[in-house]
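Chain residues, written in single-letter form:
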Amino acid sequence: MKALIVIDVQNDFCPGGALAVNDGDAVVKPINAMMPEFELVVLTQDWHPSGHGSFASSHPGQNAFAVIDMPYGPQVLWPDHCIQDSEGAAFHADLNVTMPAAVIRKGMRPQVDSYSAFFENDRKTATGLSGLLRDRGCRHLTFAGLATDYCVAWSALDAVRLGFDVTVELDACRAIDLEGSLAAALSEMQQAGISLNERQA
Ligand SMILES: [Zn+2]
């Protein structure tokens, strides 16, 4: 069984959003086109309370994109984004939200960020996605969405550690690319045995 995991295709990560990824809305079309190929489609949704610990605004004197030490390790500080129930946290209006069987919300605890669809950034607190996938008999996972070098990469790398076969559809992802983060993420994913697919290449 094959599952498609669609990472964070939300307004705040698309052009005009609070943490816009270049060309982020370009992922919507290929993701919608891909959905019927999979037995299970799951969406993730970054879903922060206001004043979340990953926001630069929660750390006086710090600027967005600075890196600070949190109790669980280094944390990039982001502009306020994907606040629960806001328009920015909503899925892109053109994303197919009918076919997906589940939505995994993440980043809900005030003091812990969550890039991965499987674990919060403390690396211990599980979201429950792996149980869902195993219960549905899914061994082969394909990832797409935003952003390649953060939430997609962290999710894909966790999936490999959890024993899934993993593909990332690069044409259906876009990156933030802070200080070489895209190249680093691509090489880490390659070394982990993740198939990096480019359909339009
Ligand atoms: Zn976030």
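Being a predicted model, the structure only gives us computed values, none of them experimental.

Engineer: Help me understand the nonpolar core, please; the structure alone is not making it clear to me.
Structural biologist: Among the nonpolar cores identified, the biggest contains 51 residues, and Ile5, Val6, Leu141, Phe143, Ala147, Val152 and Ala156 are the most heavily contacted of them. Secondary-structure elements contributing two or more residues to this core are strand 1 (2-7), helix 1 (28-34), strand 2 (40-46), helix 2 (129-135), strand 6 (140-146), helix 3 (148-161), strand 7 (165-174) and helix 4 (181-191). For this core, the leading source of residues is helix 3, giving eight residues. Aside from chain neighbours lying at most four places away, what touches Val152 is Ile7, Phe143, Gly145, Ala147, Val168 and Cys173.

Engineer: Sorry, what's going on with the sheet that holds strand 6 here?
Structural biologist: Strands pair in a sheet through their backbones, by hydrogen bonds, and they do so in one of two ways: parallel or antiparallel. Ordered in space as 5-2-1-6-7-8, the six strands form an open sheet in which the pairing is parallel. In this open sheet, the two strands that pair with only one neighbour each are strand 5 (102-106) and strand 8 (195-197). In this sheet, adjacent strand axes meet at a mean angle of 25° when their direction is disregarded. Across the sheet, helix 3 touches strand 1, strand 6 and strand 7, and the angle it forms with strand 7 is around 170°.

Engineer: Explain the pairing of strand 3 (residues 67-70) to me, please; I cannot follow it from the model alone.
Structural biologist: The side chains of a regular strand alternate, first on one face of the sheet and then on the other. Across four bridges, strand 3 lies against strand 4 (residues 73-76) in antiparallel orientation. Each residue of the ladder has a partner; that of Met70, found in strand 4, is Gly73.

Engineer: Just checking my understanding: could you explain helix 3 for this structure?
Structural biologist: Count 3.6 residues to each turn of an α-helix, and residues three or four apart come out pointing the same way. Taking 1.5 Å of rise per residue, the 14 residues of helix 3 would be expected to cover 20 Å, and the 18 Å separating its terminal C-alpha atoms lies within 8% of that figure. With twelve of its 14 residues buried, helix 3 lies for the most part within the structure. Those residues of helix 3 that fall on the buried side of the exposure criterion are Thr148, Asp149, Tyr150, Cys151, Val152, Ala153, Trp154, Ser155, Ala156, Leu157, Asp158 and Ala159. Trailing helix 3 by a residue or two, Gly163 shows a phi angle of about 95°, which is positive.

Engineer: Explain the packing of helix 3 against helix 4 to me, please; I cannot follow it from the model alone.
Structural biologist: Describing two packed helices takes the angle between their axes plus the distance from one axis to the other. It is the contact of helix 3 with helix 4, at a shortest axis distance of 10 Å, that shows an interaxial angle of 15°. Relative to helix 4, the element helix 3 is oriented roughly parallel. For the pair helix 3 and helix 4, the sense of crossing is left-handed. Contacts between helix 3 and helix 4 involve Thr148, Asp149, Ala153, Ala156 and Leu157 from the first element and Ser181, Leu182, Ala185, Glu188 and Met189 from the second. Taken together, the residues of the contact of helix 3 with helix 4 sort by class into six nonpolar, two polar and two charged.

Thresholds applied
- Residues numbered from 1 in each chain as written.
- Predicted model: local features only at pLDDT ≥ 70, side-chain atom pairs only at ≥ 80, totals over all residues.
- Core = buried A, V, L, I, M, F, W, Y, C linked by C-beta atoms within 7 Å.
- Buried ≥ 20, exposed ≤ 12 C-beta atoms within 10 Å, placed from the backbone.
- Helix = DSSP H or I, 4+ residues; strand = E, 2+ residues; numbered from the N terminus.
- Contact = placed C-beta atoms within 7 Å.
- Pairing = 2+ DSSP bridges.
- Axes fitted to C-alpha atoms, helices over the stretch in contact; angles between N-to-C directions.
- Expected span 1.5 Å × (residues − 1).
- Parallel < 35°, antiparallel > 145°, perpendicular 65-115°, else oblique.
- Left-handed = near helix turned anticlockwise from the far one by under 90°.
- Nonpolar A, V, L, I, M, F, W, Y, C, P; charged D, E, K, R; others polar.

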